[in-house]
Amino acid sequence: MFKQATLEERRKYYREEWDIKQVPDFIGNFIENREFGFDHFGRGPNDRYKVFSTLDYLKRFLRSKTPFAAYCSVAYYQKPRRRDGWMKSELVFDVDAKDIPIRTCGCDDVCEICLNEAKEIVGGLIDTLKGDLGLKNMHLIYSGRGYHIRVIDDDVMGLGSDVRSQILKYIVGADVPKDKYDDAAGIYDLQHFSIPLGYPKVFTQRVKYGIFHLTEDSKLDDVNLKLLKDVIKYRNLLEDDEWGLFKNRIGPLRYKKIIKGIASLNMSLVDAKVSIDLKRILRLPSSLHSKVSMRCTEIKNIETFDPFKDAVPKFVWERED
Ligand SMILES: [Zn+2]
């Protein structure tokens, strides 16, 4: 694993192990409206604008070309060969283990620890998409070195980039909620952690996750090492949600700094470019991620999914070195 697949191994994978049935229905059912793209030499997907009118043609192509990587569009087009006549696009959130801004592993690439952290983050995002935004129809894909959440509810597939960016900011907790609320009786001070619903609740959850994954090497805007160390020292108070106490220990001004720092860091939990790009191509579930020799695969049960068991192709176990 984490070693590049040879051409021989790719052939073995597509001709002996891969099965067209592993392509999820949500892709197969609209295959004629999608653009496919391929990377044949490991230099990026430059063979694009491919269209397959049936799964059988896709099967023949993959068996004979055994590409380094295979992708398909999140968009449906009337004329996918020209990327023309855009109909709608899946709403996608891409969490790459390598790019998580707060990783406790400190590895150079990806490892078991950061892949697990990516999975935890994705679990939180899915809860918010379902619980807060009422979305129902989504598929979770292990990409080979992270996760893709692909939402196909009709309500979101027609949305433009601006709204997608707003949804992204909401679910990752990228903005510090306001703390002044007013009504006829006057102005109230309400901290995010004392509001148990809506965006403040999401924000509180994300900040908590962030605080528990800080290390002394974490880099946050406007947060010095002394503050970082104090946050780490007192964060156990948040295990019991003692936010008020935690804020007092840190001091209100420094508390503001730390939540602001985490909010801006949250923006890089998900690759925003992928979420707002209506014409993106994404790695095809069932295909081989040749760079790391893992299978891109749909996840049926996030609780039990283990990439080191469920996404490892047979040829990896058969390697001799
Ligand atoms: Zn790692």
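The structure contained in this document is the topic of the report that follows.

Reading the values: rules and limits
Residues numbered from 1 in each chain as written. Predicted model: local features only at pLDDT ≥ 70, side-chain atom pairs only at ≥ 80, totals over all residues. Heavy atoms only, no water. Donors = N, O, S within 2.8 Å, 3.2 Å for Na, K, Ca; no water. Buried < 20%, exposed > 50% of the residue type's maximum accessible area, 1.4 Å probe, protein only. Helix = DSSP H or I, 4+ residues; strand = E, 2+ residues; numbered from the N terminus. Disulfide = S-S within 2.5 Å. Phe/Tyr/Trp six-rings, centres within 6.5 Å; stacked < 30°, edge-to-face > 60°. Lys NZ or Arg CZ within 6 Å of the ring centre and 35° of its normal. Pairing = 2+ DSSP bridges. Axes fitted to C-alpha atoms, helices over the stretch in contact; angles between N-to-C directions. Contact = heavy atoms within 4.5 Å. Salt bridge = Lys/Arg side-chain N within 4 Å of Asp/Glu carboxyl O.

1. Remarks on the coordination of the zinc ion
Taken together, the protein ligands of the zinc ion are Cys105 (SG), Cys107 (SG), Cys111 (SG) and Cys114 (SG), with distances of 2.3 to 2.4 Å. One chain supplies every donor for the zinc ion, spaced along it as C-x1-C-x3-C-x2-C. On the accessibility criterion, cysteine 107 (21% relative accessible area) is partly exposed.

2. Notes on the environment of aspartate 217
Positionally, aspartate 217 belongs in the loop between helix 7 (198–212) and helix 8 (225–234). Since its relative accessible area comes to 63%, aspartate 217 is described here as exposed. Through-space distance from the C-alpha of aspartate 217 to that of leucine 269 is 17 Å; in sequence the pair is 52 residues apart.

3. A look at the state of the cysteines
Overall, the coordinates contain zero disulfides when judged by the stated rule. Here cysteine 72 stays unpaired: no disulfide links it, and the sulfur of cysteine 296, its closest cysteine neighbor, is 9.6 Å away.

4. What to know about the packing of aromatic side chains
Tallied over the entire structure, the rule returns 15 aromatic pairs. The cationic tip of lysine 88 hangs over the ring face of phenylalanine 30; the distance from NZ or CZ to the ring centre is 5.9 Å.

5. Observations regarding the sheet that holds strand 14 (residues 297–299)
Ordered in space as 6-8-7-14, the four strands form an open sheet in which the pairing is antiparallel. The strands lining the two open edges of the sheet, one partner per strand, are strand 6 (91–96) and strand 14. Strand-to-strand twist in this sheet, taken as the mean axis angle between neighbours without regard to direction, amounts to 25 degrees. The sheet contact formed by strand 7 (residues 138–142) and strand 14 spans three bridges and is antiparallel. Bridged to tyrosine 142 within strand 14 is threonine 297. The sheet strands contacting helix 4 (residues 112–131) are strand 6, strand 7 and strand 8 (146–151), and the helix crosses strand 8 at an angle near 15 degrees.

6. Quick notes on the environment of isoleucine 121
By the element assignment, isoleucine 121 lies in helix 4. As a C-alpha pair, isoleucine 121 and lysine 12 span 109 residues in sequence and 34 Å in three-dimensional space.

7. Notes on the pattern of salt bridges
Taken as a whole and judged by the stated rule, the model has 20 salt bridges. The closest approach of N and O atoms between arginine 82 and aspartate 84, which form a salt bridge, is 3.2 Å. Its relative accessible area of 54% is what places arginine 82 among the exposed residues. The shortest N-O distance in the salt bridge between arginine 145 and aspartate 109 comes to 2.7 Å. You can see arginine 145 sitting in the loop between strand 7 and strand 8 and its partner aspartate 109 sitting in the loop between strand 6 and helix 4, a full 36 residues away along the chain. It is possible to trace a salt-bridge network through shared partners that takes in Arg34, Glu90 and Arg150.

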